[in-house]
Amino acid sequence: MLSGTASSSLTTGTVYSQPETEVYYIRQQLAECIVGQLTVSQLLHYAYQFKVSSGSRGQRSKTSSELEHEHIRQTMAALMLPEELLNRTFDRCSGGEQKRIAIAQEILDPSVEEGNDKKEVKGQGRRQKILYLDEPTTGLDSASAAQVMHHLKNLTQKSNFHYHNRITIVATIHAPSDEVLSLFNHIYVLAKEGVAVYSGPPGGIRSTLEGTIQTTISSQQPPIEALLKVACDGNI
């Protein structure tokens, strides 16, 4: 409901957020919210400009323009997006590239100060960033899916990156491979009617299945497959 993609009879409620927290959201279907005929350069330029404070938008200078280009270049480098993509239209990029371009749009941060200390934000100090993604691997082949998830994992670990803090990433995902699953620090698996069947690190699935849920699995079967089968069957 918060993203505007679903309706409900629920009309009241409270959204809780920590002070100094920035929340970003990326939809599953990018074609519905990104103009494919724009070049990657245009998309990132407009995303950057939308985030520039209204007070400084009319005071553009050569220095601020150079700062924008450098910021975009560093963001693309962090997501392993080659600079030659800048002149390519979005709809001509591969599925994996489109996912990473959408991520770049969201995490661009013009408020980072120019200078040696790029981790501080004017008047705000260090801020926490939370990025929500709706099935970021949907529509991608296994290699592209793993690549996107590896880059997301890197963003959570770059405390020395030009962003003032590491990014916390929350993603929904279905049928993950063992490689993709291992990249998560914590997973939360839901069964029918929203019943939680597991909450914890990926490495703890097998012991939970054999201990708490009392399900026997072979050594060759990936634990996540057995857990998802339990969740779908509802035999908890």
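Here goes a summary of the coordinates provided. What you are looking at is a predicted structure, and each value in this text was computed from that prediction instead of being measured.

In terms of helices and strands, the protein chain carries 8 helices and 5 strands. Shown N-terminal to C-terminal, the secondary structure of the protein chain runs as helices and strands in the order β-α-α-α-α-β-α-β-α-β-β-α-α. Residue burial in the protein chain is summarised as follows: out of 236 residues, 39% are buried. Excluding contacts between residues fewer than 6 apart, the proportion of contacts in the protein chain whose partners are at least 24 apart in sequence is 63%. Here the protein chain displays about 13,800 Å² of accessible surface, and carbon together with sulfur accounts for 49% of that area.

For the rest of this paragraph, the subject is the nonpolar core. Formed by 52 residues in total, the largest nonpolar core has its most connected members in Ile 103, Leu 131, Leu 152, Ile 205, Leu 209 and Leu 227. At 6 residues, the largest contribution of residues to this core is made by helix H5 (residues 142-157). Here Ile 205 is in contact with Leu 181, Ile 187, Tyr 198, Pro 223, Ile 224 and Leu 227, once residues within four sequence places are set aside.

Mapping Arg 100 onto the fold places it in helix H4 (residues 95-107). Polar contacts involving the side chain of Arg 100 include one to the main-chain carbonyl oxygen of Met 80, which spans 2.9 Å. If we skip the residues at most four places from it in the chain, Arg 100 touches Leu 79, Met 80, Leu 81, Gln 147, Val 148 and His 151.

What follows is about the sheet that holds strand E3 (residues 167-172). If you walk across this open sheet you meet the 3 strands as E1-E2-E3, and the pairing is parallel. Two strands lie at the open edges of the sheet, namely strand E1 (21-26) and E3, each paired on one side alone. With direction set aside, neighbouring strand axes in the sheet form an average angle of 15 degrees.

Our focus in this paragraph is the pattern of salt bridges. Counted under the stated rule, the structure contains 4 salt bridges. Note that Glu 22 and Lys 129 form a salt bridge whose closest N and O atoms lie 2.9 Å from each other. With a gap of 107 residues between them, Glu 22 in strand E1 and Lys 129 in strand E2 (residues 128-134) connect regions that are remote in the sequence. By relative accessible area, Glu 22 is classed as buried at 17%. On the basis of relative accessibility, which here comes to 0%, the residue Lys 129 falls in the buried class. Two residues, Glu 70 and Arg 73, come together in a salt bridge whose shortest N-O distance is 2.8 Å.

What follows is about the packing of helix H1 (residues 40-51) against H4. Direction vectors running N to C along H1 and H4 enclose 20 degrees, while the axes themselves pass 8 Å from each other. As summarised for this structure, H1 and H4 are arranged roughly parallel, according to the angle between their axes. Crossing geometry of H1 relative to H4 is assigned as right-handed. Across the interface between the two elements, Val 40, Leu 43, Leu 44, Ala 47 and Lys 51 of H1 pack against Ile 101, Ala 104, Gln 105, Glu 106 and Ile 107 of H4. Considered class by class, the residues forming the contact of H1 with H4 number 7 nonpolar, 1 polar and 2 charged.

Before going further, it helps to examine unusual backbone geometry. The backbone of Glu 135 shows a phi angle near 45 degrees, a positive value even though the residue is not glycine. Its place among the elements puts Glu 135 in the loop between E2 and H5.

Another point: the packing of H4 against H5. Where H4 contacts H5, the axes come no closer than 9 Å and their chain directions differ by 20 degrees. Here H4 is positioned roughly parallel relative to H5, judged by the angle of their axes. In this structure, H4 crosses over H5, and the sense of that crossing is right-handed. Residue-level inspection shows Gly 96, Lys 99, Arg 100, Ile 103 and Ile 107 of H4 in contact with H5, the latter providing Gln 147, Val 148, His 151, Leu 152 and Leu 155. Counted by class, the contact of H4 with H5 contains 5 nonpolar, 3 polar and 2 charged residues.

Let us now look at the environment of Thr 138. Locating Thr 138 in the fold gives a position in the loop between E2 and H5. Here Thr 138 is in contact with Gln 28, Lys 99 and His 174, once residues within four sequence places are set aside. Side chain to side chain, Thr 138 and Glu 135 meet in a polar contact 2.7 Å long.

Thresholds applied
- Residues numbered from 1 in each chain as written.
- Predicted model: local features only at pLDDT ≥ 70, side-chain atom pairs only at ≥ 80, totals over all residues.
- Heavy atoms only, no water.
- Helix = DSSP H or I, 4+ residues; strand = E, 2+ residues; numbered from the N terminus.
- Buried < 20%, exposed > 50% of the residue type's maximum accessible area, 1.4 Å probe, protein only.
- Contact = heavy atoms within 4.5 Å.
- Areas by Shrake-Rupley, 256 points an atom, 1.4 Å probe, with all protein chains shown as cover.
- Core = buried A, V, L, I, M, F, W, Y, C linked by side-chain atoms within 4.5 Å.
- Polar contact = N/O pair within 3.5 Å; in protein donor to acceptor, adjacent residues only side chain to side chain.
- Pairing = 2+ DSSP bridges.
- Axes fitted to C-alpha atoms, helices over the stretch in contact; angles between N-to-C directions.
- Salt bridge = Lys/Arg side-chain N within 4 Å of Asp/Glu carboxyl O.
- Parallel < 35°, antiparallel > 145°, perpendicular 65-115°, else oblique.
- Left-handed = near helix turned anticlockwise from the far one by under 90°.
- Nonpolar A, V, L, I, M, F, W, Y, C, P; charged D, E, K, R; others polar.

Nothing here speaks to function; it is all geometry.
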